[in-house]
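Residues per chain are reported as follows:
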Amino acid sequence: MVRAKDMTKLQIDPRYLLIMLLPVVVLIVSEYLLGTFGDTSVHLEGLELKDQSRLIELSARYRFLAALFFFGGATVSVTAIFVFELYSRHTRRSILTTIVGIVGIIVVSLSFSTFEPDWMPAGFESESLLGLNLFHALLIPASLAGCEAGGSLPDGCDQQGAYFAMDYLLDRANMLTSLSAGAVIAGMVLALSRPAHIGRSTHPNLETEAQILKTAQEATQRYLYSSGILLTTGMVLMLSWMSWPGDAILNDDMRKAHAELVSSLSIYRGVTYSILILSYYLPVSLILKVRIDAFHDAVATAGKPELAEDVAGFDIQRIATLDALKAIIAIVSPILTGAIGSFGGLAGFGG
């Protein structure tokens, strides 16, 4: 039963929230491929570090902190947009249903760290894919102000130095990732919401339907771009920590080979993130396309073509050019970020 004051607000059909399961499937498949067919026993033999390794480590650490701050700002921003829209435009029932769906996504996604899902074999850690001994050799001896007596972190930080900082901060970043990813996925799905007073079998007048579809298209574009921003900043963060110790390797050949490993892994992650965006963007877009086609048929039958012209996004030529190009860029932005990093063009990341 819809409350009277909620009649003008939007309400999501719970069945559409099943779309939120698709990104979970993508994540599971991605982690399975990496954990099963990757090599988690990488060990850099004969590893030696440069004499300037302390300065190199500090430079990489500050890049990581900058990327983390940038990522944190992006996650908080997109989450705030979603929360504002959810509470200002949706019924109580829609809000509760959506929160349940987001909680489910967060619970599943928090079972994964960046490369470390709980269900994978022991030893499958993020750094194991890039040479755990390299991370230990450079980061553990590095001092950390917060670990000193009187610092804000646990005294000594288990004697792990900057390695503790990386592990500690990435855990917090994973929490932000889970929350913000749940927000953009749910925000995209909520584009399929309808006014609470319009049931499944109710057919609103053409003017009302035009406004509903216009609002839905605007929401899909907004959350598509938000997804691109979120996952691109996530890629910048990932590149910053993966390349953290690489520049300190003394041997030129080993340093270049390790940079290639980081590049390949970053591209894999970029592809995963792009498919992740597609997994919830495409179903929503296809459902909206069916609604738009039905609207066009109704407009043609009623002889009111001006209704379609007044709704932004209904122009086929516009969709086929500019809007399509912007959508493609948003979807592949994580791949582009990984590729740019691969050639050392992203603020020094990629070694």
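Above this text you will find the structure in question.
Since the structure is predicted, the reported quantities are computational estimates derived from the model, not experimental observations.

Engineer: Before we go on, may I ask you to explain the side chain of Ser193 in this structure?
Structural biologist: With respect to the element layout, Ser193 can be found in the loop between helix H5 (161–189) and strand S2 (194–195). Under the relative-accessibility criterion, Ser193 is labelled buried at 4%. Of the polar contacts made by the side chain of Ser193, one reaches the backbone oxygen of Leu190; its length is 2.7 Å. For Ser193, the residues in contact, after removing those within four places along its chain, are Leu10, Gln11, Ile12, His90, Ile212 and Arg291.

Engineer: Looking at this model, I keep getting lost on the packing of aromatic side chains. Mind explaining?
Structural biologist: Centre distance and the angle of the planes are the two values used to describe a pair of aromatic rings. Under the defined criterion, the tally for this structure stands at four aromatic pairs. Consider the rings of Tyr32 and Phe37, whose centres lie 6.3 Å apart with planes at 85 degrees: the pair is edge-to-face. Between Phe135 and Trp241, the aromatic rings sit 6.1 Å apart at their centres with planes inclined by 55 degrees, giving tilted as the arrangement. Highlighted residues: Phe135 in helix H4 (residues 132–139) and Trp241 in helix H6 (residues 206–242), separated in sequence by 106 residues. Using a relative accessible area of 0% as the deciding quantity, one classes Phe135 as buried. Overall, Trp241 belongs to the buried group, its relative accessible area being 1%. In this arrangement the basic side chain of Arg15 is found over the ring face of Tyr16, its NZ or CZ atom lying 5.2 Å from the centre.

Engineer: Please explain the packing of helix H2 (residues 53–89) against H6 as it appears in this structure.
Structural biologist: Think of two packed helices as two axes; the pair is described by the angle between the axes and how far apart they sit. Packing of H2 against H6 brings their axes to within 8 Å, and their N-to-C directions diverge by 160 degrees. When the interaxial angle is binned, H2 and H6 end up roughly antiparallel. The two elements H2 and H6 cross, and the hand of that crossing is left-handed. A class-by-class count of the residues in the contact of H2 with H6 yields 15 nonpolar, six polar and four charged.

Engineer: Honestly, the packing of H6 against helix H7 (residues 252–302) in this entry has me stumped. Any pointers?
Structural biologist: The interhelical angle for the contact between H6 and H7, taken along N-to-C directions, is 180 degrees, at an axis separation of 10 Å. The pairing of H6 with H7 is recorded here as roughly antiparallel in orientation. Residue composition of the contact of H6 with H7, grouped by class: 23 nonpolar, eight polar and three charged.

Analysis parameters
- Residues numbered from 1 in each chain as written.
- Predicted model: local features only at pLDDT ≥ 70, side-chain atom pairs only at ≥ 80, totals over all residues.
- Heavy atoms only, no water.
- Helix = DSSP H or I, 4+ residues; strand = E, 2+ residues; numbered from the N terminus.
- Buried < 20%, exposed > 50% of the residue type's maximum accessible area, 1.4 Å probe, protein only.
- Polar contact = N/O pair within 3.5 Å; in protein donor to acceptor, adjacent residues only side chain to side chain.
- Contact = heavy atoms within 4.5 Å.
- Phe/Tyr/Trp six-rings, centres within 6.5 Å; stacked < 30°, edge-to-face > 60°.
- Lys NZ or Arg CZ within 6 Å of the ring centre and 35° of its normal.
- Axes fitted to C-alpha atoms, helices over the stretch in contact; angles between N-to-C directions.
- Parallel < 35°, antiparallel > 145°, perpendicular 65-115°, else oblique.
- Left-handed = near helix turned anticlockwise from the far one by under 90°.
- Nonpolar A, V, L, I, M, F, W, Y, C, P; charged D, E, K, R; others polar.

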